[in-house]
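Here is how the chains run, residue by residue.
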Amino acid sequence: ILDGIDSLSAESKNLLCQQASPFLGRDWFEVFETRVAPVMGTPRWLELEKDGASLALLPMVEKAAGRTKLLTSMSNYYSPYFDLLRRQNCDHDDYQLFARLFQDLLQTYDIVQLAPLTLEVSTAFGQAFKQQGWHCHRYPLSVNWRENNITDFAEYWAQRPGQLRE
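All of these numbers come straight from a predicted model, not from anything done at the bench. (Residues numbered from 1 in each chain as written. Predicted model: local features only at pLDDT ≥ 70, side-chain atom pairs only at ≥ 80, totals over all residues. Heavy atoms only, no water.)

1. Re the side chain of Thr72
What counts here: Elements are defined by DSSP. Helices are runs of H or I of four residues or more, strands are runs of E of two residues or more, and each kind is numbered from the N terminus. Whether two residues are in contact is decided by their heavy atoms: any pair within 4.5 Å suffices.
If you trace the backbone, Thr72 turns up in strand S3 (residues 68–73). Discounting chain neighbours no more than four positions away, the residues touching Thr72 are Met40, Met60, Val61, Lys63 and Gln113.

Written out as structure tokens, the structure is:
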């Protein structure tokens, strides 16, 4: 578990740059971590490596609500979706591996919340965590916007209202 995007290995930063969606890439999470995450809690990056190669990342935020310790996805209303960040040719076994290897760490939290997820991603995470003995609850959070034609973060960010960018 790492404390910020700057703590990631060069291999993991490269993995961030390989994401197909700008909402799951390095630019998105750099802006999110510096402008949004400090209000939410402390950034926590779960990094899965094997033989020095970055296999997967999960950008999260740790926070407390009273005596409840939470780990939530590094996302908010403006995040159209969230996912395990991995190489393009990976499959659902990545979710299983992630849940198994991070089980001890994740058990230190009272609640682990991942949102917003597509139905496919929600199913993959749910199956992976249930196989590790977790209780999982899926529920619709909102019918948030989704713009499928966005391919560049800088172009998207330039189109946002000035109050969001400042």
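2. Here we look at the environment of Lys130
Put simply, the rule reads: Residue burial is assigned from relative accessible area. The probe radius is 1.4 Å, only protein chains are included, and a residue is buried under 20% of its type maximum, exposed over 50%, and partly exposed in between.
The residue Lys130 is located in helix H6 (residues 119–131) in this model. With a relative accessible area of 52%, Lys130 lands in the exposed category. With 34 residues separating them in the primary sequence, Lys130 and Gln96 have C-alpha atoms 9.7 Å apart.

3. Things to note about the pattern of salt bridges
Counted only if it meets this: Salt bridges are defined by distance alone: a side-chain nitrogen of Lys or Arg within 4 Å of a carboxyl oxygen of Asp or Glu.
In the structure shown here, the tally under the stated rule is four salt bridges. For Asp3, the salt bridge goes to Arg44, with nearest N and O atoms at 2.6 Å. With Asp3 in the segment before helix H1 (10–17) and Arg44 in strand S1 (residues 42–50), this pair connects stretches of sequence that are 41 residues apart. Connected through salt bridges with shared partners, the residues Asp3, Arg44 and Glu62 form a single ionic network.

4. A short note on the packing of helix H4 (residues 93–101) against H6
Any two packed helices are characterised by how steeply their axes cross, that is the angle between the axes, and by the distance between the axes. Rules: Think of each axis as a best-fit line through the C-alpha atoms, taken over the contacting stretch in the case of a helix, with angles from 0 to 180 degrees between the N-to-C directions. An angle below 35 degrees is treated as roughly parallel, one above 145 as roughly antiparallel, one from 65 to 115 as roughly perpendicular, and anything else as oblique. Whether a crossing is left-handed or right-handed is set by the direction in which the near helix is turned from the far one by less than a right angle, anticlockwise for left-handed and clockwise for right-handed.
At a minimum axis distance of 8 Å, the contact between H4 and H6 shows a crossing angle of 40°. The angle between the axes of H4 and H6 places the two elements in the oblique class. H4 and H6 meet at a crossing whose hand is right-handed. On the side of H4, the interface is formed by Tyr95, Gln96 and Ala99, while H6 contributes Val121, Ala124, Phe125, Gln127, Ala128, Phe129 and Gln131.

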